[in-house]
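The primary structure of each chain is shown beneath.
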Amino acid sequence: MKLPTLREAGTEAKLLLIGIPVFIWTMIPIYHMFVFAISPKEDAFTGKLWPTHPTLHNFSIVFHQQHYFLRDFWIQFWNSAVIALAVGALTLFVATAAAFSISRLRVPGGRAVMNLALFTYFIPAAFLAVPMYRTMGTYGLLNNHWSLILAMVTIAAPYAIWVLKQASDKLPVELDEAATMDGATTLQLFRLVYVPLMMPSLVAVGTYAILLAWNEYLYAFLLLSKDTDITLPVALGNFLAADDSPWELLMTTGFIYALPPAAVYYAFKRYMVGGLTAGAVKS
């Protein structure tokens, strides 16, 4: 067994000195959220590191929708899931088709499309909220899930196109030429060669789009208003409208809402790192 050198041990020690405080700082809010979630209402603000009488009663209240603010919890949870998955699917469709056309088919104007895609990020997404609201109102899409889906695809697609185009550029062009010589059509080239080779990047981009839509608040707040149409982040904001907000239920709901994206991220984290950085360095 090879022992680490002094330099390697020093590098690892430096990483630990940086990583451990960052990890603790990151986990503190999650820990306090969990403590709130398992604390009775009367113990929620005692300031203790662990509740005297921990309970799962708050989770039971949320799951059974036994509070005024939670009467549509499962509908709102479903709304968030449907919208997030739709945004992920549409973003992948748009970005994959655009990246394939620009990188592999070399369509005219491809460079202009890439520049415009990057230019969109010079304008903060919050600045586009009111124009987006006006646009959706003009086309009669307000209070419709499609308004939020289209808005989030608009935000996610430029970055997704850029990532997939850079990853696509790394694929050997000889593969396209060989498939074409074997009689493959453009659609077959896309389906049988391009998509399988791009799968890590596609998973990473799809996960990015899903998490972006899952956590969105501003656009969901502006474009949706009915209690049965809103997403869960907007519903969580309603907890703060009361004079005596049930913080223990708010934290319980937030903790539950944080579990799906955490599961998605850890399921695809190896794709997230490799896929989102593909093409960043020329080989």
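The shown structure was predicted, so the numbers you read here are calculated from the model rather than taken from an experiment.

A. Main features of the packing of aromatic side chains. Per the stated rule, a full pass over the model turns up 20 aromatic pairs. Ring centres of tyrosine 68 and phenylalanine 69 lie 5.4 Å apart, and the angle between their planes is 65°; on these two criteria the pair is classed as edge-to-face. On the basis of relative accessibility, which here comes to 19%, the residue phenylalanine 69 falls in the buried class. In textbook terms, an aromatic cluster arises when at least three aromatic residues are bridged by ring pairs, as seen for Phe34, Trp50, Phe59, Phe63, Phe73, Trp74, Phe77, Trp214, Phe255 and Tyr257. Positioned above the aromatic ring of tyrosine 68, the side-chain terminus of arginine 71 is 4.5 Å from the ring centre.

B. Spatial organisation of the pattern of salt bridges. Scanning the model with the defined rule gives three salt bridges in all. Here aspartate 227 and arginine 71 are joined by a salt bridge, their closest N and O atoms 2.6 Å apart. Here aspartate 227, found in the loop between helix H10 (218–223) and helix H11 (232–238), pairs with arginine 71, found in the loop between helix H2 (57–63) and helix H3 (73–103); they are 156 residues apart in sequence, far enough to count as distant. A residue is classified by how much of its surface remains accessible, and aspartate 227, at 31% relative accessible area, is partly exposed. Among the salt bridges present, the one from aspartate 169 reaches lysine 165, with a minimum N-O distance of 2.8 Å. When its relative accessible area of 16% is taken as the criterion, lysine 165 is described as buried. Within the structure, one salt-bridge network assembled from shared partners comprises Arg71, Asp72 and Asp227.

C. The arrangement of unusual backbone geometry in detail. In this model, glutamine 65 sits at a positive phi of 55°, which is unusual for a non-glycine residue. Along the chain, glutamine 65 turns up in the loop between H2 and H3. Judged by relative accessible area, which is 27%, glutamine 65 ranks as partly exposed. Positive phi, normally seen in glycine, also occurs at asparagine 143, with a value near 60°. Overall, the relative accessible area of 34% leaves asparagine 143 in the partly exposed class.

D. Inspection of empty space enclosed by the protein at higher detail. Tallied over the full model, the rule gives two cavities of 30 Å³ or more. Looking at the lining of the largest cavity, the elements with two or more residues in it are helix H7 (173–181) and helix H8 (186–197). Per-element accounting of the lining of the largest cavity gives the leading share, four residues, to H8. Among the residues forming the lining of the largest cavity, the class breakdown is eight nonpolar, no polar and two charged. Considering only enclosed or pocket space, the second largest cavity measures out at about 30 Å³ in volume. Considering the residues around the second largest cavity, the lining is formed by Ser80, Ile83, Leu148, Ala213, Trp214, Glu216, Ala220, Thr231 and Tyr257. Looking at the lining of the second largest cavity, the elements that each hand over two or more residues are H3 and helix H9 (199–214). Among the residues making up the lining of the second largest cavity, the classes are represented as six nonpolar, two polar and one charged.

E. Looking closely at the layout of surface pockets. Estimates place the volume of the largest pocket at around 420 Å³. Contributing to the lining of the largest pocket are 13 residues, with Thr26, Ile30, Met33, Ala258 and Ala262 lying nearest its centre. Mapped onto the lining of the largest pocket, the elements with two or more residues apiece are helix H1 (6–37) and helix H12 (247–267). Per-element tally for the lining of the largest pocket: the top contributor is H12, with eight residues.

F. View of a nonpolar patch on the surface. On the surface, a cluster of nonpolar side chains totalling about 830 Å² of accessible area is made up of Leu16, Ile20, Phe23, Ile24, Trp25, Met27, Ile28 and Ile30. Among the structural elements, leucine 16 can be located in helix H1. Take leucine 16: its relative accessible area is 47%, and that puts it in the partly exposed class.

G. Here's a closer look at the nonpolar core. In terms of nonpolar packing, the biggest core is built from 42 residues, with Leu70, Phe73, Val87, Leu148, Tyr219 and Phe239 touching the most fellow members. Those elements that place two or more of their residues in this core are H2, H3, helix H5 (129–138), helix H6 (145–168), H9, H10, H11 and H12. Once residues lying within four places of it in the same chain are set aside, the contact partners of leucine 70 are Ile61, Val62, Gln65, Phe239, Leu249 and Thr253.

Rules used in this analysis
- Residues numbered from 1 in each chain as written.
- Predicted model: local features only at pLDDT ≥ 70, side-chain atom pairs only at ≥ 80, totals over all residues.
- Heavy atoms only, no water.
- Phe/Tyr/Trp six-rings, centres within 6.5 Å; stacked < 30°, edge-to-face > 60°.
- Buried < 20%, exposed > 50% of the residue type's maximum accessible area, 1.4 Å probe, protein only.
- Lys NZ or Arg CZ within 6 Å of the ring centre and 35° of its normal.
- Salt bridge = Lys/Arg side-chain N within 4 Å of Asp/Glu carboxyl O.
- Helix = DSSP H or I, 4+ residues; strand = E, 2+ residues; numbered from the N terminus.
- 1 Å grid on protein atoms, 1.4 Å probe; cavity = no way out; pocket = protein on both sides within 12 Å on 5 of 7 lines; lining within 4 Å.
- Points joined across faces, edges and corners; volume = space filled by probe spheres on them.
- Nonpolar A, V, L, I, M, F, W, Y, C, P; charged D, E, K, R; others polar.
- Patch = residues over 30% accessible without salt bridge, like charges linked within 9 Å, V, L, I, M, F, W, Y side chains within 5 Å.
- Areas by Shrake-Rupley, 256 points an atom, 1.4 Å probe, with all protein chains shown as cover.
- Core = buried A, V, L, I, M, F, W, Y, C linked by side-chain atoms within 4.5 Å.
- Contact = heavy atoms within 4.5 Å.

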